[in-house]
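Summary of the model geometry
The lines below spell out each chain.
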Amino acid sequence: MARPEQVLVLEPQHELKFRGPFTDVVTATLKLTNPTDRNVCFKVKTTAPRRYCVRPNSGVIDAGNSVNVSVMLQPFDYDPNEKSKHKFMVQSMLAPYEMTDMEGVWKEAKPDELMDSKLRCAFEMPVENDKTHESETNKTVSSSASSVKTELSTLPKSASASLDDGEVKKIMEECKRLQMEVQRLREENKQIREDDGLRKRKVTSMGAPYSSSSSAMATSAMRDEGLSTRILALCVLFFVIGVIIGKLAL
């Protein structure tokens, strides 16, 4: 009994074309369309499985849907005098209404349920005109990119500065806050120094032991050093922000 006619629509129908150079992977796309009202199982086989990678190589196409199969030819040394003898076969069958195991379905399929289509493989190298056109296209793209870059570099600085007005405003507010913080720390440091001086005088007049006076002086020195460090850090931060503002204003 003759096999039933293929229900899937193949694009292309008879030949898969691979366009060189073949120094890298070359991919051809095979579109499988299921125009029926039944789900269809499919498999894609080749006579040269080591030369090709097929994704997906099997599956189910729902009714009215399509699947794109990528056929990837691995790199090889191309000989224009050698004709390709590679072939592909798309095998299909109507999916059972209750299908749980696709591999089991293929194993149990009867010969009169299977449909297949065969495609040849063709290798093509780009002609000189195509190479020239590709080279000119690349030059045009490079020239356009260079032109855009030049135009961007010649934009007025005010245009780019205006984009950062919000950031400049925030930096100015932060500067004012830091100025007030530095002033407050200076006054606090001054007050602490005055209090420490008064305490030292009281200790001296009362004849306090030398060890107590030394302890008080050490505590005062540590406190002064901590405040001085904070003030120095704030001043450095204030200076950095000022430099940033100066650059934005240019």
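Predicted model only: the values in this text are computed from it and were never measured.

1. Description of the packing of aromatic side chains
Scanning all chains against the criterion turns up eight aromatic pairs. Seen in terms of ring centroids, Phe 76 and Tyr 78 are 6.4 Å apart; in terms of plane orientation they differ by 80°. Their pairing is edge-to-face. Owing to a relative accessible area of 27%, Tyr 78 belongs among the partly exposed residues under this scheme. Ring centres of Phe 76 and Phe 123 lie 5.4 Å apart, and the angle between their planes is 50°; this geometry places the pair in the tilted category. Here Phe 123 lies in strand β9 (residues 115–124) and Phe 76 lies in the loop between β7 (66–73) and β8 (87–94), a separation of 47 residues in the sequence. The residues Phe 76 and Phe 123 share a single accessibility class, namely buried. Following the ring pairs from residue to residue traces out a cluster consisting of Phe 18, Phe 22, Tyr 52, Phe 76, Tyr 78, Phe 88 and Phe 123. The residue whose ring lies beneath Arg 38 is Tyr 97, and the NZ or CZ to ring-centre distance is 4.2 Å. The ring centre of Phe 76 lies 4.5 Å from the NZ or CZ of Arg 51, which sits over that ring.

2. Some thoughts on the pattern of salt bridges
Summed over the entire model, instances satisfying the criterion amount to three salt bridges. Close ionic contact of Glu 15 with Arg 120 constitutes a salt bridge, the shortest N to O distance being 3.8 Å. Taken together, the residues span a long stretch of sequence, with Glu 15 in strand β2 (residues 15–19) and Arg 120 in strand β9 at a distance of 105 residues. The closest approach of N and O atoms between Glu 124 and Arg 19, which form a salt bridge, is 3.6 Å. In this pair, Glu 124 is assigned in strand β9 and Arg 19 in strand β2, connecting sequence segments 105 residues apart. Accessibility expressed as a relative area gives 40% for Arg 19, which makes it partly exposed. Ionic contacts of the salt-bridge type, sharing partners, join the residues Lys 17, Arg 19 and Glu 124 into one network.

3. Quick look at the confidence of the model for the protein
On average, residues of the protein score 76 in pLDDT, and 60% of them reach the 70 mark or higher. Here residues 129–133 scores under 50 on pLDDT; set against residues more than four positions off or in separate chains, the count is two contacts. When the criterion is pLDDT under 50, residues 157–163 qualifies, and its contacts beyond four places in sequence or with other chains add up to two contacts.

4. Section: the sheet that holds strand β3 (residues 26–33)
Pairing in this open sheet of four strands is antiparallel, and the strands run β1-β3-β7-β5 from one edge to the other. Each having just a single partner strand, β1 (9–11) and β5 (52–55) make up the two edges of the open sheet. Between one strand axis and the next, the sheet turns through 20° on average, direction left out of account. Here four bridges tie β5 to β7, and the two strands are oriented antiparallel to one another. Bridged to Arg 55 within β7 is Ser 70.

5. What to know about the side chain of Gln 6
Positionally, Gln 6 belongs in the segment before β1. A distance of 3.3 Å separates the side chain of Gln 6 from the backbone oxygen of Val 90, its partner in a polar contact. There is a polar contact of 3.2 Å between the side chain of Gln 6 and the side chain of Ser 117. Dropping the residues within four chain positions of it, Gln 6 is found in contact with Val 90, Ser 92, Met 115, Asp 116 and Ser 117.

Here is what the cut-offs are and how they apply
- Residues numbered from 1 in each chain as written.
- Predicted model: local features only at pLDDT ≥ 70, side-chain atom pairs only at ≥ 80, totals over all residues.
- Heavy atoms only, no water.
- Phe/Tyr/Trp six-rings, centres within 6.5 Å; stacked < 30°, edge-to-face > 60°.
- Buried < 20%, exposed > 50% of the residue type's maximum accessible area, 1.4 Å probe, protein only.
- Helix = DSSP H or I, 4+ residues; strand = E, 2+ residues; numbered from the N terminus.
- Lys NZ or Arg CZ within 6 Å of the ring centre and 35° of its normal.
- Salt bridge = Lys/Arg side-chain N within 4 Å of Asp/Glu carboxyl O.
- pLDDT = per-residue confidence, 0-100.
- Contact = heavy atoms within 4.5 Å.
- Pairing = 2+ DSSP bridges.
- Axes fitted to C-alpha atoms, helices over the stretch in contact; angles between N-to-C directions.
- Polar contact = N/O pair within 3.5 Å; in protein donor to acceptor, adjacent residues only side chain to side chain.

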